[in-house]
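Working through the structure, step by step
This is what each chain is made of:
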Amino acid sequence: MPLSDHTLPLLIEGYAWLPERRRTHGSTVVTRLMGHRATDAARFFYDENHIRRHTALPEPIKSTLFGHGAVHTLDAAAHRVRKAMFTSLMTDDGIARLDDHAAAAWDKTAAAWNGPRPVTLFDEVGRILTRAACRWAGVPLDDADVPATARDLLALVDGFATLGPRHWRARAARIRLENRLARLIHDTRTGDAPAAPPGTPLAAVVTHRDADGHPLDDRLAAVELLNLIRPTVAVTWYVTFAAHALHRHPHHRAALRTGDEARTHAFAQETRRFYPFAPFVGGKAVTDLTWEDHRIPEGSLVLLDIYGHNHDPRLWPDPHTFDPGRFLDRPTGEFDLIPQGGGDPRTGHRCPGEAITLTLLRTLTTRLARLDHDLPDQDLTISLRRIPTRPASGYLLANARPAA
């Protein structure tokens, strides 16, 4: 029988769309999205003998979140070689430099939050991480350009999963950012701009050669440079969620304020598990497959249910309770916690910047816990129909001061 298309229900229901169908139909769901047959599998998703990402990403996502020709659209040797460029930047020293930039930007910015006039934490953190990410990347950024650049970088993420005004803002932001970075890369290569600082993402994309031995052209290099800066700024969502969690569960503040590394790490992990970010990711079946007695035709979509996986009671007892303690004594496997994908980040499609996310979240959450503040009247609800979601108000705070 022909399958009905569920694109509209997905847009209406948001994060709950796929988990609800899994509850109704069992662990495997067969449906259609944007006219394509789609199956929700799980663990075998990252096996390249089963699933490929090439051609699986829809055009609206490539034109907003990832960019055309990005590493996310590659498979096999082409993906591994391009991915190696990203992982080469995720050294302890490189991540520490980025973390230092973020901490310094936070300390400078938070000093201005001490008045009665409310500030929006989401916007403030977006600007903090934009400063830090561009400095780490070797991308010049004047102070006057920070607010507009931050708005564009946040828009790339905010508009990838909607067909409304947020989506068109994201498309326009990508054009502006790619044009700007492509000019910088061209000028760096021709000597019209200073040489890229060694060890920076700018230097990496300028000198990288793909599996065919060819360098990236200026536009594609700009796409991949954005794919190093944009996910760093996207940590804004998790920091805002952390503020929400500390407001709802203030008894966690004490451990974070003391710098307890184990509990700070556990809090960061639980924030990434509990709060919704990406609902699912998709790939296409390499050949005719069978999963749990369901036939998956070659070329059909296979979805990895990220939100449902991270709230599956078979993996996470009492999954809708915020409990950092679940991470204190539990080793986390490659396919257990998957807010940024599953598998080996060095070779597969798991985000190579996951260590950056955790490092920044630990550092900024600790600073947030050490900051007492007033909470003006506001709407702190988090709608599961909005993708990506966040506290509706962006988390307003006023009269920030060091914790007593």
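Notes on the structure in this doc start here. (Residues numbered from 1 in each chain as written. Predicted model: local features only at pLDDT ≥ 70, side-chain atom pairs only at ≥ 80, totals over all residues. Heavy atoms only, no water.)

1. A few points about the overall build of the protein chain
In terms of regular secondary structure, the protein chain is built from 14 helices and ten strands. Taken across its 404 residues, the protein chain has 55% of its residues classed as buried. Across the protein chain, every contact between residues at least 6 apart in sequence was considered, and the portion connecting residues at least 24 apart equals 71%. Of the roughly 17,600 Å² that the protein chain leaves accessible, carbon and sulfur atoms contribute 54%. (Helix = DSSP H or I, 4+ residues; strand = E, 2+ residues; numbered from the N terminus. Buried < 20%, exposed > 50% of the residue type's maximum accessible area, 1.4 Å probe, protein only. Contact = heavy atoms within 4.5 Å. Areas by Shrake-Rupley, 256 points an atom, 1.4 Å probe, with all protein chains shown as cover.)

2. Section: the nonpolar core
Within the largest apolar cluster, 90 residues are counted, with the highest numbers of intra-cluster contacts made by Trp106, Trp113, Leu121, Leu225 and Ile229. If one sorts the elements of this core by residue count, helix H10 (residues 218–248) sits on top with 19 residues. Leu225 has contacts with Ala137, Val139, Leu181, Ile185, Pro201, Leu202 and Val205, leaving out every residue within four places of it along the chain. If you look at the next biggest cluster of nonpolar residues, it comprises twelve residues, including Val281, Ala285, Trp291 and Ile296. (Core = buried A, V, L, I, M, F, W, Y, C linked by side-chain atoms within 4.5 Å.)

3. Focus on the pairing of strand S10 (residues 396–402)
With two bridges joining them, strand S4 (residues 119–120) and S10 adopt antiparallel strand pairing. Bridge pairing in S10 places Thr120 opposite Leu396. Relative to S10, strand S9 (residues 371–374) is paired through three bridges, and the arrangement is antiparallel. For Asp374, the partnering residue across the bridge sits in S10 and is Ala398. (Pairing = 2+ DSSP bridges.)

4. Side note on the packing of aromatic side chains
Any two aromatic rings considered together are summarised by their centre-to-centre distance and by the angle between their planes. Going through the model one piece at a time under the given rule, you end up with eleven aromatic pairs. Among the aromatic residues, those joined into a ring-pair cluster are Phe122, Trp237, Tyr238, Phe241, Phe267, Phe274, Tyr275, Phe277 and Phe322. (Phe/Tyr/Trp six-rings, centres within 6.5 Å; stacked < 30°, edge-to-face > 60°.)

5. Focus: the sheet that holds S4
Strand order in the open sheet formed by three strands is S4-S10-S9, and the pairing between neighbours is antiparallel. Each having just a single partner strand, S4 and S9 make up the two edges of the open sheet.

6. Focus: the packing of helix H12 (residues 261–274) against helix H14 (residues 354–369)
Contact geometry for H12 and H14: axes closest at 9 Å, N-to-C directions at 115 degrees. For H12 against H14, the interelement crossing comes out right-handed. Judged by residue contacts, Thr264, His265, Phe267, Ala268, Gln269, Thr271 and Arg272 of H12 engage Glu354, Thr357, Leu358, Leu361, Arg362, Thr365 and Thr366 from H14. Among the residues making up the contact of H12 with H14, the classes are represented as four nonpolar, seven polar and three charged. (Axes fitted to C-alpha atoms, helices over the stretch in contact; angles between N-to-C directions. Left-handed = near helix turned anticlockwise from the far one by under 90°. Nonpolar A, V, L, I, M, F, W, Y, C, P; charged D, E, K, R; others polar.)

7. Some words on H10
The first and last C-alpha atoms of H10 sit 46 Å apart over 31 residues, in line with the 45 Å expected at 1.5 Å per residue. Measuring from the backbone nitrogen of Arg219 back to the side-chain oxygen at the start of H10 gives 3.1 Å, which picks out Asp217 as the cap. (Expected span 1.5 Å × (residues − 1). Polar contact = N/O pair within 3.5 Å; in protein donor to acceptor, adjacent residues only side chain to side chain.)

8. Examining the environment of Arg80
Tracing the sequence through the fold places Arg80 in helix H4 (residues 76–88). You can call Arg80 partly exposed: its relative accessible area is 41%. On a C-alpha basis, the gap between Arg80 and Ala211 in space is 8.5 Å, while along the polypeptide they are 131 residues apart.

9. Remarks on the pattern of salt bridges
The final tally for this structure, using the stated rule, is 19 salt bridges. Taking the shortest distance from any N to any O, the salt bridge between Asp158 and Arg386 comes out at 2.8 Å. Of the two residues, Asp158 is situated in helix H7 (residues 146–158) and Arg386 in the loop between S9 and S10; the sequence distance between them amounts to 228 residues. The class for Asp158 is buried, based on a relative accessible area of 13%. The partner of Glu354 in a salt bridge is Arg272, with the nearest N and O atoms 2.5 Å apart. Taken as a pair, Glu354 in helix H14 and Arg272 in helix H12 lie far apart in primary sequence, 82 residues in all. Judged by relative accessible area, Glu354 falls into the buried class, the value being 11%. Residue Arg272 is classed as buried on the basis of its relative accessible area, which comes to 1%. One salt-bridge network, held together by shared partners, links Arg82, Asp210 and Glu224. (Salt bridge = Lys/Arg side-chain N within 4 Å of Asp/Glu carboxyl O.)

10. Details of the packing of H7 against H10
Orientation of H7 relative to H10, taken along the N-to-C sense of each, is 80 degrees, at an axis distance of 9 Å. When the axes of H7 and H10 are compared, the pair comes out roughly perpendicular. In this structure, H7 contributes Leu153, Leu154, Leu156, Val157 and Asp158 to the contact, and H10 contributes Leu226, Ile229, Arg230, Val233, Ala234, Thr236 and Trp237. For the contact of H7 with H10, a count of residues per class yields nine nonpolar, one polar and two charged. (Parallel < 35°, antiparallel > 145°, perpendicular 65-115°, else oblique.)

11. Some details on unusual backbone geometry
That bond from Ile387 to Pro388 is cis: its omega, -10 degrees, falls within 30 degrees of zero. Among the secondary structure elements, Pro388 is positioned in the loop between S9 and S10. Residue Ala76 is not a glycine yet carries a positive backbone phi of 55 degrees. Summarising the element assignment, Ala76 is placed in helix H4. In this structure Ala76 comes out as partly exposed when scored by relative accessible area, which is 27%.

12. Some details on the environment of Pro118
As for its position among the elements, Pro118 is in the loop between helix H5 (92–110) and S4. Relative accessible area serves as the criterion here: at 42%, Pro118 is assigned to the partly exposed category. With 277 residues separating them in the primary sequence, Pro118 and Tyr395 have C-alpha atoms 9.6 Å apart. Pro118 has contacts with Pro376, Leu397 and Ala398, leaving out every residue within four places of it along the chain.

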